[in-house]
Amino acid sequence: MKKISSLVSTLIVGGAWLAAQQPQKPNVVLVIADDLGFGDVSAYGSKTISTPNIDSLARGGACFTNAYATSATSTPSRYGMFTGVYPWRNPEARILPGDAPLIIREDEYTMPKMLRNAGYATGAIGKWHLGMGRGKIDWNKTVKPGANQIGFDYSCLIAATNDRVPTVYIENGDVVGLDPADPIQVDYEKNFPGEPTAIDNPEMLRMKWHHGHNNSIVNGIPRIGFMKGGNAARWRDEDMADYFVGKVKDFITAHRDSSFFLYYGLHQPHVPRAPHERFAGSTTMGPRGDAIIEADWCVGQLVEHLRKEGILDNTLIIFSSDNGPVLQDGYYDGAVKMAGEHSPTGGLRGGKYSLFDGGTHIPFFVYWKGQITPIVSDELVCQMDLVPSLAALVGQKVPDGLDGIENLQAMMGRGKSKRKDLVIEAKSKLAYRTGPWVMIPPHEGKARNVTGNELGNLKEYGLFDLTKDPAQVNNVATQYPEVLQQLRKDFEAQTDGQVRNAPEPAPKKHKATK
């Protein structure tokens, strides 16, 4: 009897010990930078910039050298990330104006819905750019549907990008600090009588526009679109990082005793680059470099607050970027001239807007202290796979028909990737990535756009071996005709034979835009 009793006691104690070793469902924090390139973080070997807080996630977790966004621009990239569906399947998943309606259907399966179903409190803070509302938006009332209607319990966002109006924070659908006596009006086709613009009032500018950004002026910075009123609610660009860091800390503190999912959309280094004054001059690369340092500080503040609240060890942190980098994207801010030897793409060809690898090959780090062994992985992973992979982590099932695939073990740095190929997109045009190869079909259009980035509009099929030629200098399509033929066949099967070769629908013209 004593032996049996001793054995039972041993089993109970042993079972309790084993249970203690199994982590509970972790908090999940998804940090997405805006226009941050593969070479913009020092974790990948850049010697021209130092991002120690971002690097700490890379060096303490799984650092991926072969990670991709689904698109080379923000809106479609985020659509694919939150839904697990290729953005080119949704004709509305294109770069949106600031007054665009929500492009994710309220009945659509999404990452925050999945995590909320698993018992998570869900929050979205920062950059959004997936649209809000329906039809003509009245910004003086609660704007919906928005983030709260597709799975987020809490949201505090900018409607689109920091270079588009309305230049206000929107918390749970309501404009923060709005004075009812000074209502907001927004229009993307015509200006409001008497309102200054960059064209008519250049003397009011403290930042000169390069292309397109010549409509309403807020804080001395010309924007895309026209806005009137809402003066008390307008943000000061230099305070945006601190404002959202404060909201992030508040959300974490409020949910420290329960499981939570937080999407944190950094606005850096998207234009206009106006980091807080304390970061000015922190690099030799001008406002763009300084904005990256500010973004690194934001990540440091996030991690330190998790540590302060005692929940860092039970928090899975994913850091990435929505698409590749761009230097000149609408303002004269010295980004091109002051880049010096810094390569935002890390030597990759193209960048934002491009089918070349620099458009979608992005930084990607997965950190979970004590659960992920530090590793540098060259496995192929994609942000679109986050929905089914996180579902596997928290014991949820995803519906049939998603393009994202469950790839949790690879994302945790513990095994081979299940993803063998990927269709990538840039402004309605598609290319195909599989194994070491990238195949770019012929596409009409200019070789470069106004930003200076190469777009990947080739006159004939392009085939590039990224293992031998990561900079995509040599088109080897004629040297490997069998490979090209097979990739064309596989690509057409993936896209149902619908190769998008038409230019993206032109945005509505602004009368003041030259």
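Residues numbered from 1 in each chain as written. Predicted model: local features only at pLDDT ≥ 70, side-chain atom pairs only at ≥ 80, totals over all residues. Heavy atoms only, no water.

Another point: the sheet that holds strand 6 (residues 169-171). Strand order in the open sheet made by the 10 strands is 7-6-5-4-12-1-13-14-2-15, with mixed pairing throughout. The outermost strands of the open sheet, each flanked by one partner alone, are strand 7 (174-175) and strand 15 (375-377). As defined by bridge partners, strand 2 (residues 62-64) adjoins strand 14 (residues 364-367) across 2 bridges and the pair is classed as antiparallel. Within strand 14, the position partnered with Ala-62 by the bridge is Val-366. Where helix 2 (residues 52-60) meets the sheet, it contacts strand 2, strand 13 (315-321) and strand 14, and its direction lies at approximately 70° from that of strand 14. Relative to the sheet, helix 8 (residues 386-394) contacts strand 1 (27-33), strand 13 and strand 14, its axis offset from that of strand 13 by approximately 175°. (Pairing = 2+ DSSP bridges. Helix = DSSP H or I, 4+ residues; strand = E, 2+ residues; numbered from the N terminus. Contact = heavy atoms within 4.5 Å. Axes fitted to C-alpha atoms, helices over the stretch in contact; angles between N-to-C directions.)

Once that is clear, we can look at the sheet that holds strand 20 (residues 462-465). The 4 strands are arranged 17-18-19-20 in an open sheet whose pairing can be described as antiparallel. At either end of the open sheet lies a strand with only one pairing partner, and these are strand 17 (421-426) and strand 20. Ignoring strand direction, the axes of neighbouring strands in this sheet form an average angle of 20°. For strand 18 (residues 429-434) and strand 19 (residues 437-440), the ladder comprises 3 bridges, and the chain directions are antiparallel. Of the residues in strand 19, the one forming a bridge with Thr-434 is Trp-437. Sheet contacts for helix 10 (residues 481-494): strand 17, strand 18, strand 19 and strand 20; angle to strand 18, the most-contacted strand, approximately 120°.

Right, let's get into the pairing of strand 12 (residues 260-265). Burial analysis of strand 12 places 6 of its 6 residues in the buried class, the great majority of the element. Of the two faces of strand 12, the one carrying Phe-260, Leu-262 and Tyr-264 and the one carrying Phe-261, Tyr-263 and Gly-265 are both buried. Here 5 bridges tie strand 1 to strand 12, and the two strands are oriented parallel to one another. Directly across from Val-29, in strand 12, lies its bridge partner Leu-262. Sheet topology note: the strand 4 (residues 121-127)/strand 12 ladder contains 6 bridges and is parallel. When the sheet's bridge partners are listed, Ala-124 is paired in strand 12 with Tyr-263. (Buried < 20%, exposed > 50% of the residue type's maximum accessible area, 1.4 Å probe, protein only.)

Here we come to the pairing of strand 17. In terms of residue burial, strand 17 counts as a mostly covered element, since 6 of its 6 residues are buried. Residue alternation in strand 17 divides its side chains into two sets, Asp-421, Val-423 and Glu-425 and Leu-422, Ile-424 and Ala-426, and both sets are buried. Alignment of strand 17 against strand 18, held across 6 bridges, turns out to be antiparallel. Across the sheet, residue Asp-421 finds its bridge partner in strand 18, namely Thr-434. Where strand 17 folds back on strand 18, the antiparallel hairpin that results is connected by 2 residues, among which Lys-427 adopts a positive phi of roughly 50°.

Let's shift gears to empty space enclosed by the protein. Applying the stated rule across the entire model yields 4 cavities of 30 Å³ or more. When its volume is computed, the largest cavity comes out at roughly 50 Å³. In terms of lining, the largest cavity is formed by Ile-49, Met-285, Arg-288, Gly-289, Ile-292, Leu-327, Ala-335, Met-338, Ala-339 and His-342. Only helix 6 (286-308) and helix 7 (335-338) provide two or more residues apiece to the lining of the largest cavity. (1 Å grid on protein atoms, 1.4 Å probe; cavity = no way out; pocket = protein on both sides within 12 Å on 5 of 7 lines; lining within 4 Å. Points joined across faces, edges and corners; volume = space filled by probe spheres on them.)

A separate point is the environment of Gly-37. Its place among the elements puts Gly-37 in the loop between strand 1 and helix 2. The spatial distance from the C-alpha of Gly-37 to the C-alpha of Gly-351 is 7.8 Å, given a sequence separation of 314 residues. If sequence neighbours within four positions are ignored, Gly-37 has contacts with Arg-288, Pro-325, Pro-344 and Pro-363.

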